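Architecture at a glance
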Amino acid sequence: MSHPTIARAVRFACGDGAWWRVPLSVVPLTAVMYAAGWGAPLSVLHLAVVAAYVSACGSRAWKPVAATAVVAIGAGQALVAGGVLDSRLDAAQSHVLAALVAAVIVAGARTLGRFAEDRERAEAAAKRGEERLRALVRDGSEVITLCDASGDVTWVSSAARPVLGYKPEELRGRVLRGLFHPEDEAASAELFARLLASDSTVEHSAELRVRHANGSWYWHEIVARNMLAHPSVQAIVTHQRDITDRRAAQDRIAYAASHDALTGLANGATLERDLARALAQGTRYQHPVAMLLCDLDGFRAVNETYGHDVGDRLLQTVSGVLKRTTRETDTAGRLGGDGFGVVLTHVRSADEAMTVARRIIEGVAASAAVAGLRLDVGCTVGVALAFPGGTDARTLMRHADRAMHRGKDTGRDSAILYVEDEISAPWA
């Protein structure tokens, strides 16, 4: 029986697991062996048939093929014993040899089957691992990218579509850093430099804004490793996940901790922190800083006459006056009750600071109305000026407070500048 014939029979039997087709290849081969008179010795060739089936059909094939071979050999020996077939060997020798060959076939088939089973288990485990990894990459919320040493994207996971709005193929060949916000360009360049200077044992991370396909910017946490030297990776591997909601929550918490809930102005702690920062910059760049403390005149009467709801709305109106009067580089804050403060980060002279103070007074007088109700409210402002290296934040605030109280004694709607020689003792 030719090799192609055996191969076709093997494929035929493996096609749908119809093991009844195995004799179609085993029986003709056995018949040829016994017709030649060398059935028992030649029966060892059945191992080739077993090997062919195991190779094509897997470990499940060895039992039916080995059993068929043993039965075929047994039938052949029965025909030899009955004198139907001639044998070139003595009958007793032929039976012994046939038994030995049958044992060898069973043992060999079993060994081949176990090897095939071990291979199948290893392949199945590897396939499960690949499928698991593929499922994680496909269904995960992290965008995985592979980049070369120049930052060009060579591969992107399918999560790019739901997370970034891009098809993976749209990102391949692009420079990864080109997706980051222009204000984060320095941070992204620094991250890439750290990656190139390290190896796969070091993990680097950064929080950067990434451009979505719709043009919006989203905060992403970038975690990356340099695996260029890894023989099976040869790339910089980055994992990106959208943390926009988390950043927004953090920003809300930070805003609530640093701002007055009623007016939206900076709170006392923030105002003092910004004043200290402004003084440090004033010392560095050699320019004065001014502190203004504002206190409303007649606010208690508003609360007592119209209630706290009207009083709160009036405070919100005053906060609007401070926002309109000051610059973006300045800080306006509420110190509690009807007290407000303003840090003027860069003033040329005391006259400039006094001009701002008078604008605040005029703005409060012009806006002192709630729901069409005109309120008899004014504002007194104390102004203190600090020259480069002249004082600290708390001292400057104390100076402005003294000037403000002096203005209260003078009369409403007044702006008073603190003068150093008003202090008669260092502890005063």
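Everything below is about the structure shown above.
A brief structural summary. (Residues numbered from 1 in each chain as written. Predicted model: local features only at pLDDT ≥ 70, side-chain atom pairs only at ≥ 80, totals over all residues. Heavy atoms only, no water.)

Digging into the overall build of the protein chain
- Across its full length, the protein chain carries 15 helices and 12 strands.
- Counting over 428 residues, the protein chain shows a buried share of 42%.
- Within the protein chain, residue pairs in contact and separated by at least 24 positions form 60% of the contacts whose partners lie at least 6 positions apart.
- As presented, the protein chain carries roughly 22700 Å² of accessible surface, and 55% of it is formed by carbon and sulfur atoms. (Helix = DSSP H or I, 4+ residues; strand = E, 2+ residues; numbered from the N terminus. Buried < 20%, exposed > 50% of the residue type's maximum accessible area, 1.4 Å probe, protein only. Contact = heavy atoms within 4.5 Å. Areas by Shrake-Rupley, 256 points an atom, 1.4 Å probe, with all protein chains shown as cover.)

Points about the sheet that holds strand β3 (residues 204-211)
- Taking strand neighbours across the sheet as the criterion, the five strands line up as β2-β1-β5-β4-β3 in an open arrangement whose pairing is antiparallel. Pairing within the sheet leaves two strands with one partner each, and these edge strands are β2 (153-156) and β3. Across the sheet, the mean angle separating the axes of adjacent strands is 30° when strand polarity is ignored.
- Relative to strand β4 (residues 217-227), β3 runs antiparallel, the two sharing eight bridges. Along β4, the bridge assignment pairs Ala206 with Ile222.
- Each of β3, β4 and β5 (235-242) is contacted by helix α9 (residues 185-196), which is oriented at about 140° to β3, the strand it contacts most.
- Contacts between helix α10 (residues 244-258) and the sheet are confined to β3, β4 and β5, with β4 contributing the most and set at about 120° to the helix. (Pairing = 2+ DSSP bridges. Axes fitted to C-alpha atoms, helices over the stretch in contact; angles between N-to-C directions.)

Some thoughts on the pairing of strand β6 (residues 289-297)
- Of all the nine residues making up β6, nine are buried; the element is thus mostly covered by neighbouring parts of the structure.
- Taking every second residue as pointing to the same face, both faces of β6 are buried, with Val289, Met291, Leu293, Asp295 and Asp297 on one and Ala290, Leu292, Cys294 and Leu296 on the other.
- Alignment of β6 against strand β11 (residues 378-386), held across nine bridges, turns out to be antiparallel. The residue of β11 that forms the bridge with Leu296 is Cys379.
- As paired strands, β6 and strand β8 (residues 339-344) are joined by six bridges and run antiparallel to one another. Paired with Leu293 across the two strands is Gly341, which belongs to β8.

Details of the packing of aromatic side chains
- Going through the model one piece at a time under the given rule, you end up with zero aromatic pairs.
- Directly above the aromatic system of Trp219 lies the positively charged group of Arg247, at a separation of 3.6 Å from the ring centroid. (Phe/Tyr/Trp six-rings, centres within 6.5 Å; stacked < 30°, edge-to-face > 60°. Lys NZ or Arg CZ within 6 Å of the ring centre and 35° of its normal.)

Section: the side chain of Asn226
- Position of Asn226 relative to the elements: it lies in strand β4.
- Within polar-contact distance, the side chain of Asn226 engages the backbone nitrogen of Leu228 at 3.1 Å. (Polar contact = N/O pair within 3.5 Å; in protein donor to acceptor, adjacent residues only side chain to side chain.)

Here we look at the sheet that holds β11
- Across the sheet, which stays open at both edges, the five strands sit in the order β7-β8-β6-β11-β12 with mixed pairing between neighbours. Pairing within the sheet leaves two strands with one partner each, and these edge strands are β7 (331-336) and β12 (415-417). Each strand axis lies, on average, 20° off the axis of its neighbour in the sheet, ignoring direction.
- Along the sheet, helix α13 (residues 308-325) contacts β6, β7 and β8; its crossing angle with β8, the most-contacted strand, is approximately 10°.

Points about the pattern of salt bridges
- Enumeration according to the criterion identifies 18 salt bridges in this entry.
- Two residues, Glu207 and Arg246, come together in a salt bridge whose shortest N-O distance is 2.4 Å. Of the two residues, Glu207 is situated in strand β3 and Arg246 in helix α10; the sequence distance between them amounts to 39 residues.
- Judged by relative accessible area, Glu207 falls into the partly exposed class, the value being 30%.
- For Arg246, a relative accessible area of 32% translates into the label partly exposed.
- Bridged by salt links that share partners, the residues Glu183, Asp184 and Arg209 form one connected network. (Salt bridge = Lys/Arg side-chain N within 4 Å of Asp/Glu carboxyl O.)

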